[in-house]
Amino acid sequence: MKLVVAVLALCLHITALKVEAGEVCPSGKFTSSGECCSMCPAGTGVASSCAQEDTKCQPCQEGVTFSSSEGLSRCQPCSQCPFGVPQLEHCTLDKDTHCDCGPGFFLFKQRNETGALCASCAVCGRGEGVVRACGPSENTVCQPCRPGTFSEDKSSSQSCRPCSWCKEGEVEIRPCQPKYDTLCMADRELPIFSKNGSEGPWEFPRRSDEEKKNRSVTGSEAPDLSSEHHQGGNNILIYVSVLAAVVLGLLIYVAYKCWKSFQQKAALGKARAAELNNVVEGEKLHSDSGVFLDSHSLQESQLSKGIKQDSKQDSRYSNLPPHRQEEVEKLLAEGGSRNWRQLATVLGYEQERVDVFGRGEDPIHTLLTDWAQQDSATLELLSTALSNIERHDVAKALGSPDQGITMV
């Protein structure tokens, strides 16, 4: 037993000496005899893993497999650019295929697979900064801002910025947080406060004991405190006046908005009443002259004209007519579940969210309805995403004109 303890102690001592001398095993793995496992350099992959013997490496195949860094993994298969996406660089022994997915997109592929897609780059939210910007084959990597840094905007390229410090003569109103910077205000802008000492808290001004004694002194030795008191009172009156003016301005603004909203509602009511009168006159014409005019078709034609005008002004997917949305969903459904799952990945959805959509009765409708609520949900972006997954027929359906309504 003592012999075993002595051997273990000797091994620990030797290991400690190696660490102190800088001989640390880079791979972190050892053979059965205690030797450090070697790592395969870039351009080569593992042929036989490290176990009883050291790692055995073999070179990758030119144009078939690659290895971009030193490690203990096998060579990875070269990526193939999606249909219609230009190839900028061929696959080499230490570099994957370089495809031009365009700005705001990167080449997404599963490990050990050759097929790839052009997916949209992720955007870091408020309180997060970019650690690695989105590249041709790498997505954006975000990290929460550490103490002393902040990020107020959503961005795919901006990292966390250092917090500001209040200057001399300024007061810190709000400390720096991950989502917003420090808020400072000048000392002269706070006339109702005074500072007791250089490091004390801010509080209302108080008379010192010496000033209280001076109040009882009479004659020529008594200090003149009336001017100081009068100046402080004027400052408070100015502050209260400004505050009252701000409140009054807010009230006037709210009243104006209410009056404007009332006018809009009244104009809308008049327009609807005029439309109903037109429908009634059309029905009267039918009863008097014997000419048939379908009021329902008239309303549908008016709605279709309104939709066309709105689609010219706003190219968002949510403004697309319902029958056009149903046509897009029907075409996507003909391609099976793989097509809409690829579309969800290109539009920036995580795999877990895509699986949640797949559990519903109509995952395609759920996906497009959820995506349409985003600010960037435009027909141009959807058409680009459909082209990236080789669904040009659906992209063409987005740009096809509406069918006219015929009246008999």
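The structure under discussion appears in the preceding block.
Let me begin by describing the structure that accompanies this report. Computed from a predicted model, the values in this text were never measured in an experiment.

Considerations on the environment of Thr44
Here Thr44 shows up in strand 1 (residues 44-48). The class of Thr44 is buried, set by a relative accessible area of 16%. Setting aside chain neighbours within four positions, we find Thr44 in contact with Cys57, Gln58, Pro59, Cys60, Ser67 and Cys75. Within the local environment of Thr44, its side chain forms a polar contact with the backbone oxygen of Pro41, the two atoms lying 2.6 Å apart.

Overview of the nonpolar core
Tyr317, Leu343 and Leu386 are the most contacted members of the largest nonpolar core, which has 36 residues in total. Listing elements by their share of this core, those giving two or more residues are strand 7 (105-109), strand 8 (116-120), helix 5 (322-334), helix 6 (337-346), helix 7 (351-358), helix 8 (363-372), helix 9 (379-388) and helix 10 (392-399). The greatest single-element share of this core, amounting to 5 residues, is contributed by helix 8. If we ignore the near neighbours within four places in the chain, the residues touching Leu386 are Leu332, Leu343, Arg391, His392, Val394, Ala395 and Leu398.

What to know about unusual backbone geometry
Residues other than glycine predominantly adopt negative phi, and peptide bonds predominantly adopt the trans conformation. Backbone geometry places Glu390, a non-glycine residue, at a positive phi of 65°. Along the chain, Glu390 falls in the loop between helix 9 and helix 10.

A few points about the layout of surface pockets
Taken as a whole, the largest pocket spans an internal volume of roughly 1100 Å³. If you go around the largest pocket, you meet 36 residues; those closest to its centre are Ala119, Ser120, Thr345, Gly348 and Tyr349. For the lining of the largest pocket, the secondary structure elements donating two or more residues are strand 7, strand 8, helix 6 and helix 7. Here the lining of the largest pocket is built from residues that sort into 14 nonpolar, 13 polar and 9 charged.

Digging into the state of the cysteines
The full count for this structure, using the stated rule, is 12 disulfides. Put simply, Cys25 and Cys36 are joined by a disulfide, and their sulfur atoms are 1.9 Å apart. Where Cys25 bonds to Cys36 through sulfur, the torsion about that S-S bond is close to 75°, and the disulfide is right-handed. Here Cys25 is found in the loop between helix 1 (2-20) and strand 1, whereas its partner Cys36 is found in the loop between helix 1 and strand 1, with 11 residues between them in sequence. Judged by its relative accessible area of 15%, Cys25 is buried. We classify Cys36 as partly exposed; its relative accessible area is 30%. Here Cys166 pairs with Cys184 through a disulfide, and the sulfurs are 2.0 Å apart. One disulfide, between Cys166 and Cys184, carries an S-S torsion of -90° and so falls in the left-handed class. In this pair, Cys166 sits in the loop between strand 12 (161-162) and strand 13 (170-174) while Cys184 sits in strand 14 (residues 183-186), placing the two residues 18 residues apart along the sequence. The partly exposed category is assigned to Cys166, whose relative accessible area is 25%. A relative accessible area of 26% places Cys184 in the partly exposed class.

About the criteria used
- Residues numbered from 1 in each chain as written.
- Predicted model: local features only at pLDDT ≥ 70, side-chain atom pairs only at ≥ 80, totals over all residues.
- Heavy atoms only, no water.
- Helix = DSSP H or I, 4+ residues; strand = E, 2+ residues; numbered from the N terminus.
- Buried < 20%, exposed > 50% of the residue type's maximum accessible area, 1.4 Å probe, protein only.
- Contact = heavy atoms within 4.5 Å.
- Polar contact = N/O pair within 3.5 Å; in protein donor to acceptor, adjacent residues only side chain to side chain.
- Core = buried A, V, L, I, M, F, W, Y, C linked by side-chain atoms within 4.5 Å.
- 1 Å grid on protein atoms, 1.4 Å probe; cavity = no way out; pocket = protein on both sides within 12 Å on 5 of 7 lines; lining within 4 Å.
- Points joined across faces, edges and corners; volume = space filled by probe spheres on them.
- Nonpolar A, V, L, I, M, F, W, Y, C, P; charged D, E, K, R; others polar.
- Disulfide = S-S within 2.5 Å.

That is the geometry; function is a separate question.
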